[in-house]
Every structure is written in C-alpha cells, then in structure tokens.
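Spelled out, the chains give:
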Amino acid sequence: MEQYIIKGGNPLNGRVSIGGAKNAALGILAAAIMTDETVTIENVPNVRDTRVLLQAIEGIGAKVKYVYNNSVQINGGSICDMNVDYEYIKKIRASYYLLGALLGKYKKSEVALPGGCNIGSRPIDQHIKGFKALGVEVDISHGKIFAKADKLVGGHVYFDMVTVGATINLMLAACLAEGDTILENAAKEPHIVDVANFLNAMGANIKGAGTDVIRIRGVNRLHGTTYSIIPDQIEAGTFMFAAACTRGDVVVQDVIPKHLESISAKLIEVGCQVIEGDDWVRVIGCENLKSTNVKTLPYPGFPTDMQPQMAAVLALADGTSMVTESIFENRFKYVDELNRMGCKIKVEGNTAYIEGIEQMSGTQMAAPDLRAGAALVIAALSADGVSEIEDIEYIQRGYEDFDGKLRTLGAVIERVDSERDAQKVKLKIG
Ligand code: UD1
C-alpha cells in the first residue's frame, strides 16, 4: 500500500502549474460519447477518477486513445452496451454521467445505483426527477437504474437543491431531446459552464450555464470537436492553502483567478497576501495567521471541496475559528487525525470549532477521503517532524503528481510502497 512520508517545516516557495479540472473532465469525458465522430479532449488531468471513467467508457464499447499524457481521443461510434457496471460506479460515482449521456444518445441506459460514500449519503433523486420530466421511464431494481424512453422531450425541471451532478446529467440528456428544456435552481460551478461549452462545441444549444437558469434547445445530433478543459479550481486552492499553512510564497499558475475568488478572500482574511495576474495567483504566507469563520456553499460560495484544507490553515491561526459544512453530512472525518497532530478541534453538528495552536507535530495518519487527505498533507508539511500518511489512493483520485509538484516547491515528501522503503526514507530525512 502506498503512503507519503513527509518531513514538515519547510516553507513552500516557487511556482506550480495547475492541471485540468477533474470535475469538469468527468462530465466532458462522458459527454464525448454522445457523437459517433471523434472528439479530442485536451488538458485532461491524469488522475485515478478520469482513468476509471475512461475504462468505463471503453467498457461500453467506445474507443479511447491517449494521444499524449493529458490529451485523449474518444470515439463513441462503436458503443454496443448500454450497461455501466457496478465495478466502475463503486470506484467513482461520476460514472453516473454515462446515464445522462447514453439516455440522450440512445434513449436507453442501465447504470448501477451509486451508494453512499465517505462524505455522507448521496441520493440521486434530483437526477431521476429530471429524467422523468424529459419523458424517461425510470425503474430501480436489483441495485440498478434502468432508464428508457421512446423519445426524449424537453421539460421544465426545478431542482430542490443546488446539485452539480444532476445539473450536468440533465444537460447531457436534454441536449439531444426534442424541444426546449429549462433547468431552474441549476448549479453554477465553473465546471458546469465548461461542460456546457464543450457540448455547445459539439453542436448543442445550451444557454445560461453559470446562472441558475439553464435553457437547452434540443438538437438532432452532435459532432466531433477538439476542446481544452479549464484549470482545476480545487487543485489550485489546495496549493494556495499549502503556501499559507507553511508560511511560504507560491505562484499558482495556469489558473483562472476569477474561479478562486472565495478562496483568495479567505486567505486575505487570515492575513496572507494574495496577488492576482491574468492566469496566476501568488500567495504570500504570514507568520501570525488570524482566525476566521467559513461556511461551505454552492459556487460562488466557499467550496465544500476546500473545507478540510481551510481547517488545516485555521488550526494554526490565533484564536477560535468556526467551519460550517452545509453541503455534505459527514465531511469532518479528518478532524480526529488533525487532533492527533496536536490540533484542538471540536465538532458539533455540522460545525467544527477550531482553537488555533502554534505548531502541529508529525505523526501517522490515514487519509479518510480525497480532500481530507490533501488537508492532512498540507498540515504535515507545516508540522514539526515526520508524518506518515496512509490510504493515499484517495488523494490520487484527484491530484496529478501531487508529491512531485510539492517537491518542486521545496517540500520534503516521498511516496513509498513498502514498509522497507518507508524505513529507508525516514532514516534519510528524519
Ligand atoms: C460534485 C463534485 C464534488 C463536490 C460537490 C459539491 C463532481 C464529480 N463531484 O459532487 O467534488 O463536493 O459537487 O460541490 O463534480 N443531492 C441530493 N439529491 C440529488 C443530488 C444531490 O439530495 O439527486 C444533495 C447531495 O447529497 C449534497 C448536495 O445535494 O448534499 C450537493 O450534491 P451535488 O452538488 O450533486 O454533488 P455531486 O455532484 O455528487
């Protein structure tokens, strides 16, 4: 089992380049099967989640070719199977985007029902309600969602809550429906806009993505295109918070600073300097971090996917901070691990009360999920002594070459895959 060995205490310094947005890529790769022509997608992050989705896409008969590391060609002309197996869904929930994509293209799909996950129960009632509004018959049995329609017809969907997944799934299905679809209370995240731009580049007619009302006029067919995915807001934010946590000075480049505004605002509140360029953001850490409060909200609010990393920064701030999680029910699993590093964090309901300490001390930890794992890494980078982080496959789901990029900023971090190597690295750096 792979783990990271980290020696903390080095302020991170230098430049780091941010890859394509994982959550945009998952929607876009699924959308790419909706034409029989070849689609080339660039800036695809080479992370576990995108690799699993590409396997699922190959699993239904589409052709997938890696042109080079971050560029993929997909041809959905040879799809022969409408059935997406549980094997993929259990590894990555977003394979359920194939439900919307297959429904749009073939008016039929079967996808294993996603279960809960480490951050809480994650129902898909809004996806199903939306499909039904387009005239789809949905039947759930034997752990599967069976969806089919004689024809898809445009419909009016009002989402009961802001949901990224259902907004994307409905955009996929509706762009090949007959007539107009209106999605109200739609999610506005940058990756929603990116998926809509990609579908439009394939010939779809989607307007209003990025606002809470999306209008989709169905078209008869989609065609091939070449498209480059936007930069990853969460990967960028993670490096920005790593700079703050280690009191470093980091330029995060190849980003869209507008997408990082809620993250930059919190860094300024805690006392860091944030300087923005056209496609870069520089974060200069400060010795005395200040406490603040934060509540996760749908975009443009503070992202839930940055909540654990924010807590790692606040754990080192003067005074008491409050972090309130309003999107997922179980996103504080990392708190016990941070407390083992000496932090003073108490969770009551959906709020973590964080009393700042001067310095954390390195220890053994296990990553509970993707973003919590990233938070433990940046905490360990700031800590006194050596930390060992297990279960890093969670982190690899969403960060390409995380340890390599951190090393270029001066971090002492090694990835090892045996106890023997772990001992060797600890002797070398300890
Ligand atoms: C996506 C992101 C994830 C991010 C989350 C919120 C991807 C692949 N994942 O997840 O990284 O943390 O958005 O920004 O893009 N809900 C329902 N019923 C539904 C759908 C959602 O009750 O049918 C609830 C969820 O349980 C959650 C909230 O709505 O409480 C938001 O979920 P949603 O935005 O759909 O998250 P995901 O798309 O799963």
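Quick caveat: nothing in here was measured; it's all calculated off a predicted structure.

> Looking at this structure, how should I read the packing of aromatic side chains?
To describe a pair of aromatic rings, you give the distance between the ring centres and the angle between the ring planes. Summed over the entire model, instances satisfying the criterion amount to six aromatic pairs. For the pair Phe 332 and Tyr 334, a centre-to-centre distance of 6.3 Å together with 55° between the ring planes defines the contact as tilted. The same class applies to Phe 332 as to Tyr 334, namely buried. One aromatic cluster in this structure is built from Phe 239, Tyr 399 and Phe 402.

> Sorry, what's going on with the site of the ligand here?
The environment of the ligand is formed by 22 residues, the closest being Asp 125, Gln 126, Val 164, Asp 305 and Ile 327. Measuring from an oxygen atom of the ligand, one finds a backbone N or O atom of Val 164 at 2.8 Å. Between the ligand and Gly 165 there is a distance of 2.8 Å, counted from an oxygen atom to a backbone nitrogen or oxygen. Here the ligand, which alone exposes 740 Å², has 85% of that area covered by the protein. At the level of secondary structure, the elements contributing two or more residues to the shell around the ligand comprise helix H1 (22–31), helix H5 (125–133) and helix H6 (164–174). Broken down by element, the shell around the ligand gets its largest block of residues, three residues, from H5. Class assignment of the residues belonging to the shell around the ligand gives a composition of eleven nonpolar, seven polar and four charged. Looking at which domains feed residues into the shell around the ligand, each of domain 1 (3–19 + 231–429) and domain 2 (22–228) supplies at least three.

> Is there a simple way to think about the pattern of salt bridges in this case?
Side-chain pairing between opposite charges can occur once the charged atoms of the two side chains come close. The final tally for this structure, using the stated rule, is 22 salt bridges. A salt bridge links Glu 2 to Arg 415; its shortest N-O distance comes to 3.4 Å. Highlighted residues: Glu 2 in the segment before strand S1 (3–7) and Arg 415 in strand S24 (residues 412–416), separated in sequence by 413 residues. With a relative accessible area of 39%, Arg 415 lands in the partly exposed category. Ionic pairing is found between Glu 178 and Lys 151, a salt bridge with its closest N-O pair at 3.5 Å. Of this pair, Glu 178 sits in the loop between H6 and strand S11 (180–184) while Lys 151 sits in the loop between strand S9 (144–148) and strand S10 (156–158), and the two are 27 residues apart along the sequence. A relative accessible area of 46% places Lys 151 in the partly exposed class.

> How should I be thinking about the sheet that holds S24 in this particular structure?
Strand pairing in a sheet relies on backbone hydrogen bonds, with the paired strands running either antiparallel or parallel. Pairing is mixed across the open sheet formed by four strands, whose spatial order is S22-S23-S1-S24. Strand pairing shows two members of the sheet lacking a second neighbour, strand S22 (364–366) and S24, which therefore form its edges. Strand-to-strand twist of the sheet, defined as the mean angle between neighbouring strand axes without regard to direction, takes the value 20°. Contacts between helix H15 (residues 419–429) and the sheet are confined to S1, strand S23 (386–390) and S24, with S1 contributing the most and set at about 10° to the helix.

> Teacher, can you tell me more about the sheet that holds strand S5 (residues 71–75) here?
Spatially, the four strands line up as an open sheet ordered S4-S5-S3-S14, and their pairing is mixed. Edge positions in the sheet fall to strand S4 (63–68) and strand S14 (226–228), since each has one partner strand and no second. Strand-to-strand twist in this sheet, taken as the mean axis angle between neighbours without regard to direction, amounts to 20°. Note that strand S3 (residues 38–42) and S5 share four bridges and pair antiparallel. Bridge pairing in S5 links Thr 40 to Gln 73.

> Just to check I follow, could you spell out the domain arrangement of the protein for this structure?
Interfaces are often sized by the accessible area lost when the parts come together. Partitioning the protein into structural domains gives domain 1 (3–19 + 231–429) and domain 2 (22–228). Taken residue by residue, the interface counts 24 residues in domain 1 and 20 residues in domain 2. Note on domain 1 versus domain 2: buried area summed over both sides is about 1,800 Å², and carbon and sulfur give 49% of it. The largest per-residue losses of area from domain 1 upon contact with domain 2 belong to Tyr 299, Arg 397 and Glu 400, which jointly make up 34% of the total buried on that side. Linking domain 1 to domain 2 there are one salt bridge. Residue Arg 397 pairs with Asp 49 through a salt bridge whose shortest N-O separation is 2.9 Å. Linking domain 1 to domain 2 there are six residue pairs in polar contact (both at pLDDT 80 or more). Counting residues per element, the ones that place at least two in the side of domain 1 that touches domain 2 are helix H12 (370–382) and helix H13 (393–396).

> Looking at this structure, how should I read the side chain of Thr 304?
Note on placement: Thr 304 falls in the loop between strand S18 (293–295) and helix H10 (307–314). The class for Thr 304 is buried, based on a relative accessible area of 10%. For Thr 304, the side chain forms a polar contact with the side chain of Arg 331, separated by 2.7 Å.

> Just checking my understanding: could you explain helix H8 (residues 233–245) for this structure?
Because each turn of an α-helix spans 3.6 residues, side chains separated by three or four positions in sequence point in the same direction. In a regular helix each residue adds 1.5 Å, so 13 residues correspond to 18 Å; H8 covers 18 Å between its end C-alpha atoms and thus fits that length. Of all 13 residues in H8, 13 are buried; the element is thus mostly enclosed. By the N-cap criterion, in which a side-chain oxygen at the helix start approaches the backbone nitrogen of a residue two or three places on, H8 is capped by Asp 232, the distance to Ile 234 being 2.9 Å. Backbone geometry just downstream of H8 places Arg 247 in the positive-phi region, at approximately 55°.

What counts, and where the lines are drawn
- Residues numbered from 1 in each chain as written.
- Predicted model: local features only at pLDDT ≥ 70, side-chain atom pairs only at ≥ 80, totals over all residues.
- Heavy atoms only, no water.
- Phe/Tyr/Trp six-rings, centres within 6.5 Å; stacked < 30°, edge-to-face > 60°.
- Buried < 20%, exposed > 50% of the residue type's maximum accessible area, 1.4 Å probe, protein only.
- Near = heavy atom within 4 Å.
- Polar contact = N/O pair within 3.5 Å; in protein donor to acceptor, adjacent residues only side chain to side chain.
- Areas by Shrake-Rupley, 256 points an atom, 1.4 Å probe, with all protein chains shown as cover.
- Helix = DSSP H or I, 4+ residues; strand = E, 2+ residues; numbered from the N terminus.
- Nonpolar A, V, L, I, M, F, W, Y, C, P; charged D, E, K, R; others polar.
- Domains from an automatic or database assignment.
- Salt bridge = Lys/Arg side-chain N within 4 Å of Asp/Glu carboxyl O.
- Pairing = 2+ DSSP bridges.
- Axes fitted to C-alpha atoms, helices over the stretch in contact; angles between N-to-C directions.
- Contact = heavy atoms within 4.5 Å.
- Buried area = accessible area lost by both parts, 1.4 Å probe.
- Expected span 1.5 Å × (residues − 1).

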